[in-house]
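Chain by chain, the residues:
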Amino acid sequence: MYFTDRGIEELADRRGAEEVSLEWLAGRLREFVDLNPEFETPVERLATWLARLDEEDD
């Protein structure tokens, strides 16, 4: 198990039944980076990965 799995599991347990918009998620990611600028690159990579999930593989 990766260390991040615990955070992901907590997110699913605490908020898994909620529905949120991608606009809301983008806002929370921006807020997180504003508070934690050292995580700008990983958050940008995650956001880009999520945005491109439906693209066909080259």
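As shown above, the structure is provided for reference.
About the cut-offs
Residues numbered from 1 in each chain as written. Predicted model: local features only at pLDDT ≥ 70, side-chain atom pairs only at ≥ 80, totals over all residues. Heavy atoms only, no water. Salt bridge = Lys/Arg side-chain N within 4 Å of Asp/Glu carboxyl O. Buried < 20%, exposed > 50% of the residue type's maximum accessible area, 1.4 Å probe, protein only. 1 Å grid on protein atoms, 1.4 Å probe; cavity = no way out; pocket = protein on both sides within 12 Å on 5 of 7 lines; lining within 4 Å. Points joined across faces, edges and corners; volume = space filled by probe spheres on them. Helix = DSSP H or I, 4+ residues; strand = E, 2+ residues; numbered from the N terminus. Nonpolar A, V, L, I, M, F, W, Y, C, P; charged D, E, K, R; others polar. Patch = residues over 30% accessible without salt bridge, like charges linked within 9 Å, V, L, I, M, F, W, Y side chains within 5 Å. Areas by Shrake-Rupley, 256 points an atom, 1.4 Å probe, with all protein chains shown as cover.

A few words on the pattern of salt bridges. Counted according to the given criterion, the structure contains 3 salt bridges. As a salt-bridge pair, Glu18 and Arg15 come within 3.0 Å of each other at their nearest N and O atoms. Given the relative accessible area of 41%, Glu18 is considered partly exposed. A residue is classified by how much of its surface remains accessible, and Arg15, at 40% relative accessible area, is partly exposed. With its nearest N and O atoms 3.1 Å apart, the salt bridge here joins Glu31 to Arg28.

Time to look at the layout of surface pockets. Size it by volume and the largest pocket reaches roughly 1,000 Å³. Lining the largest pocket are 22 residues, and of these Ile8, Leu11, Leu25, Leu29 and Leu46 lie nearest its centre. With 7 residues, the single largest contributor to the lining of the largest pocket is helix α1 (residues 3-15). Its residues assigned to classes, the lining of the largest pocket comprises 15 nonpolar, 4 polar and 3 charged. The computed volume of the second largest pocket comes to approximately 210 Å³. Lining the second largest pocket, in full, are Leu22, Leu25, Ala26, Leu29, Arg30, Val33, Val43, Glu44, Ala47, Leu50 and Ala51. Contributions of two or more residues to the lining of the second largest pocket are made by α2 (22-35) and α3 (40-51). Ranked by residues supplied to the lining of the second largest pocket, first place goes to α2 with 6 residues.

This brings us to a nonpolar patch on the surface. Among the surface-exposed residues, Leu46, Trp49, Leu50 and Leu53 lie close enough to one another that they form a single nonpolar patch of about 400 Å² accessible area. Inspection of the secondary structure puts Leu46 in helix α3.

Moving on: the environment of Ala12. By secondary structure assignment, the location of Ala12 is in helix α1. When the C-alpha atoms of Ala12 and Glu31 are compared, they prove to be 20 Å apart, with 19 residues separating the residues in sequence.

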